[in-house]
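# Understanding the architecture of this molecule
Residues per chain are reported as follows:
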Amino acid sequence: MSSTPFRILEATRRLVAQRGAGIAMADVAREAGISRQAVYLHFNSRASLFVAVVRHMDEQGDIRRRCEQALSHDDPVEALEAFVLAWLRYAAKIHPVASAFLASRHDDPDAMTAWNDRMGELRAGFRHATQRMATAGRLRPGLDPATAADLAWAMTSIPVWEQLTIDCGRTGETVRRHLAGAVIDAVSTGHTDPSRGPAQEPGDARMSG
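A short tour of the structure in this document, coming up. (Residues numbered from 1 in each chain as written. Predicted model: local features only at pLDDT ≥ 70, side-chain atom pairs only at ≥ 80, totals over all residues. Heavy atoms only, no water.)

What the protein contains, in helices and strands, is ten helices and zero strands. The buried share of the protein, taken over its 209 residues, is 46%. In the protein, once contacts between residues fewer than 6 apart in sequence are set aside, the share between residues at least 24 apart is 71%. Roughly 10100 Å² of accessible area belongs to the protein as shown, and the carbon and sulfur atoms make up 51% of that amount. (Helix = DSSP H or I, 4+ residues; strand = E, 2+ residues; numbered from the N terminus. Buried < 20%, exposed > 50% of the residue type's maximum accessible area, 1.4 Å probe, protein only. Contact = heavy atoms within 4.5 Å. Areas by Shrake-Rupley, 256 points an atom, 1.4 Å probe, with all protein chains shown as cover.)

The first and last C-alpha atoms of helix α10 (residues 172-187) sit 22 Å apart over 16 residues, in line with the 22 Å expected at 1.5 Å per residue. Listing the buried residues of α10 in full gives T174, V175, R176, L179, A180, V183, I184 and V187. Lining the buried residues of α10 we find α6 (76-104), α7 (109-135), α8 (145-155) and α9 (158-167). (Expected span 1.5 Å × (residues − 1).)

Attention shifts here to α8. Those residues of α8 that sit buried are A148, A149 and A152. Projection of α8 onto a plane perpendicular to its axis shows the buried side chains occupying an angular sector of 100 degrees, all on one side. You can read the cap of α8 off the contacts: a side-chain oxygen lies 3.1 Å from the backbone nitrogen of A146, and it is on D144. (Arc of directions from axis to C-beta. Polar contact = N/O pair within 3.5 Å; in protein donor to acceptor, adjacent residues only side chain to side chain.)

Take unusual backbone geometry next. Glycine aside, the phi torsion of most residues is negative, and most peptide linkages are trans. Phi angles above zero are rare outside glycine, and D62 is one such case at about 55 degrees. Relative to the helices and strands, D62 is located in the loop between α4 (46-61) and α5 (63-71).

Once that is clear, we can look at the packing of aromatic side chains. The final tally for this structure, using the stated rule, is two aromatic pairs. Between the aromatic rings of F83 and F126, the centroid separation amounts to 4.9 Å while the plane-to-plane angle is 80 degrees, which identifies the pairing as edge-to-face. With F83 in helix α6 and F126 in helix α7, this residue pair connects regions lying 43 residues apart in the sequence. (Phe/Tyr/Trp six-rings, centres within 6.5 Å; stacked < 30°, edge-to-face > 60°.)

For D58, the position within the fold is in helix α4. D58 has contacts with I63, Y90 and R118, leaving out every residue within four places of it along the chain.

Glancing now at the packing of α6 against α10. Packing of α6 against α10 leaves a shortest axis separation of 9 Å and a crossing angle of 145 degrees. At the point where α6 passes α10, the crossing takes the right-handed sense. Residues V77, L80, E81, V84, L85, L88 and R89 of α6 form the contact with α10, whose own contacting residues are E173, V175, R176, L179, A180, V183, I184 and V187. When its residues are assigned to classes, the contact of α6 with α10 shows eleven nonpolar, no polar and four charged. (Axes fitted to C-alpha atoms, helices over the stretch in contact; angles between N-to-C directions. Left-handed = near helix turned anticlockwise from the far one by under 90°. Nonpolar A, V, L, I, M, F, W, Y, C, P; charged D, E, K, R; others polar.)

Don't take any of this as a statement about function, it's just geometry.
See below:
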């Protein structure tokens, strides 16, 4: 990516994190030190800029590779657990921006577009995991893959993350571990081997040592 689009994306990310999603293209231009016309040259609308920002953050965080690696676990239950851990570790990093888009999405169509763009891909990852579980006979009786995926997605949402880490004061590592376990308990028949510890997402602190 050339320097100007990168500056625009980083400026937008900073502004959204600091001031919320209610920013204008002129605000981005000032933050990036360029003209408003230059912003429009690279991003023809506020919605396209917001979508580009959240995708840029995903690229910077390497989250797609991490999620794909998590979903590649041979055991489908461990794959879901590793996927949850990967997502929650990333959620902690993007929380200020994600929370801003979430808060504005009902009143701001551009924020809604960006939010739906990323949440659609996240939910697809959950559906892939729960479909594998259903095929392997590991989904909790009474649940179909779509419902299980929606439950897992809701249980690990940004608002839940906020409540547990900010309102309740729990550490990120504790929240990740407890939510991953809660998701598995809610949608699966359990681990193949209960003596095994929780699945480890690549880069998880528990892998050290």
